[in-house]
Amino acid sequence: MKELVEVIAKALVDNPDEVTVNETVEGKNVKIELHVAASDMGKVIGKQGRIAKAIRCVVKAASSKGDLRVDVDIV
C-alpha cells in the first residue's frame, strides 16, 4: 500500500523528491501517513478534498483483496 500511495502522490506534485510515506501495521489495521511539501498540499488534497478522497478510494479497493483496513492521512 505504501508504494501505491507514493506513486500516486509523486505523479500529482511539483516536488516529487519531498514526498515521504510512512506505513504502520497493527494487525489488520494499516495507517499510512503522506508527507508532501507545503506548496504541494493543495494539489494532493484537491478542491473540497476530492483528490484525497480518490486516493483513499483507490487504496481501499486495493486493500480489500488482502482483507485489511487502511487509513490514509495527509500530513
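Further up the page is the structure itself.
Residues numbered from 1 in each chain as written. Predicted model: local features only at pLDDT ≥ 70, side-chain atom pairs only at ≥ 80, totals over all residues. Heavy atoms only, no water.

Chemist: Give me the overall build of the chain: which residues, what numbers.
Modeler: Of regular secondary structure, the chain possesses three helices and three strands. Taking 11 Å as the expected radius of gyration for a compact globule of 75 residues, we find that the chain reaches 12 Å, a close match to that expectation. Taken along its principal axes, the extent of the C-alpha atoms in the chain is 35 × 25 × 15 Å. With 75 residues in all, the chain has 25% of them scored as buried. (Helix = DSSP H or I, 4+ residues; strand = E, 2+ residues; numbered from the N terminus. Rg over C-alpha atoms; globule rule 2.2 N^0.38 Å. Buried < 20%, exposed > 50% of the residue type's maximum accessible area, 1.4 Å probe, protein only.)

Chemist: Give a description of the nonpolar core that names residues and reports values.
Modeler: Nonpolar side chains in soluble globular proteins tend to end up buried together. Counting residues in each nonpolar core, the largest one holds 14 residues, and the members touching the most others are Val19 and Leu34. For this core, the secondary structure elements donating two or more residues are α1 (2–12), β2 (29–35), α3 (50–63) and β3 (69–74). Ranked by residues supplied to this core, first place goes to β2 with three residues. What valine 19 contacts, discounting residues up to four positions off in sequence, is Ala9, Lys10, Val13, Leu34, His35 and Val36. (Core = buried A, V, L, I, M, F, W, Y, C linked by side-chain atoms within 4.5 Å. Contact = heavy atoms within 4.5 Å.)

Chemist: Can you explain the sheet that holds β3? Please cite residues and give values.
Modeler: Strand order in the open sheet made by the three strands is β1-β2-β3, with mixed pairing throughout. Each edge of the sheet is formed by a strand with only one pairing partner; in this case those strands are β1 (20–26) and β3. Pairs of neighbouring strands in the sheet enclose a mean axial angle of 15 degrees, with direction left out of account. When β2 meets β3, the two strands line up parallel, connected through six bridges. (Pairing = 2+ DSSP bridges. Axes fitted to C-alpha atoms, helices over the stretch in contact; angles between N-to-C directions.)

Chemist: Could you give an account of the side chain of aspartate 40, naming the residues involved and the relevant values?
Modeler: One can find aspartate 40 in the loop between β2 and α2 (41–45). Comment: no salt bridge for buried aspartate 40; closest opposite-charge side chain is lysine 43, at 4.5 Å. A polar contact of 3.2 Å, which involves the side chain of aspartate 40, links it to the backbone nitrogen of asparagine 15. In this view, aspartate 40 contacts Val13, Asp14 and Asn15; residues no more than four positions away in its chain are not counted. (Lys, Arg positive; Asp, Glu negative; His and termini not counted. Salt bridge = Lys/Arg side-chain N within 4 Å of Asp/Glu carboxyl O. Polar contact = N/O pair within 3.5 Å; in protein donor to acceptor, adjacent residues only side chain to side chain.)

In short, geometric facts, not functional conclusions.
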